[in-house]
Amino acid sequence: MRRIAISLGHNPDDQGAAFDGYTEYSSLAPLFGYLVSFLCYFDIQPYIVPTGSLTKKIEYINGKELDFAIELHMNADMDGDQEGDPVADGCEMLYYDGSVQGERFARSIQRSVVENFCIRDRGVKPEAQFSFLKRTNCPAIIAELGFIDDINEANMVRSNAAYLASLVASGINSALLT
């Protein structure tokens, strides 16, 4: 059976970026639950990474024999543009720079999401500094599934959590089959 780790990028004590009464954690927790179910549908064994420090998350992942790890996040417009700036929207996948398998997973998930969900394609990007990508033993990606501070996009992600989770799971499944 194929085995992957799923991490929710934030937790009740550190809820991540916030906007309009919502946080990354509160916005993505339902999607996370749906993702677990859809992965099981594809006969993929999900390992739910316990909340806690990044070090503990990485230790958990590295203590298992896994095919892949994914951490779910939402972006925020950090450069201070006004809400609604067309540059501050969309979905992107980050993988460890130089990881061929990580890039393959990122491209597969990105393709599944942007081809089937009304969201701008911000691309697949190599990243060398993020510990989640750098320190895991298996290929890993960070999925930025929209912008928390774009009201329309954040509402779309929250109100379509099951559908978006199915697209992420489909992308993971496709990558595991190649």
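Here, every reference points to the structure presented above.
Bear in mind that the values here come from a model prediction, so they are computed numbers and not experimental data.

### Section: the packing of aromatic side chains
And step 1. Evaluation of the coordinates by the stated rule reveals three aromatic pairs.
And step 2. Taken together, a centroid distance of 5.3 Å and an interplanar angle of 75° make the contact between Tyr41 and Phe42 edge-to-face.
And step 3. On the basis of relative accessibility, which here comes to 23%, the residue Phe42 falls in the partly exposed class.
And step 4. Aromatic pair Phe68 and Phe105: ring centres 3.9 Å apart, planes at 15°, arrangement stacked. Of this pair, Phe68 sits in strand β5 (residues 68–75) while Phe105 sits in helix α3 (residues 100–116), and the two are 37 residues apart along the sequence. Phe105 carries the same exposure label as Phe68, and that label is buried.
And step 5. Over the aromatic face of Tyr22 sits the side chain of Arg158, whose NZ or CZ is 3.5 Å from the ring centroid.

Thresholds applied
Counting restarts for each chain, with residues numbered from 1 along the sequence as it is written. Predicted model: local features are reported for residues with pLDDT of at least 70 only, side-chain atom pairs are reported and counted for 80 or more only, and whole-chain, interface and lining totals are derived from all residues. The side-chain numbers reported here are obtained from all heavy atoms of the structure, hydrogens and water having been left aside. Only Phe, Tyr and Trp rings are paired, with Trp represented by its six-membered ring, and only when their centres lie within 6.5 Å; those with planes under 30 degrees apart are stacked, over 60 edge-to-face, the remainder tilted. Categorising residues by exposure relies on relative accessible area from a 1.4 Å probe, with only protein chains included: less than 20% of the type maximum marks a residue as buried, more than 50% marks it as exposed, and the intermediate range marks it as partly exposed. Going along the chain from the N terminus, every DSSP run of H or I of four or more residues is numbered as a helix, and every run of E of two or more is numbered as a strand. As a reminder, the over-ring test applies to NZ of lysine and CZ of arginine, requiring each to be within 6 Å of the ring centre and within 35 degrees of the ring normal.

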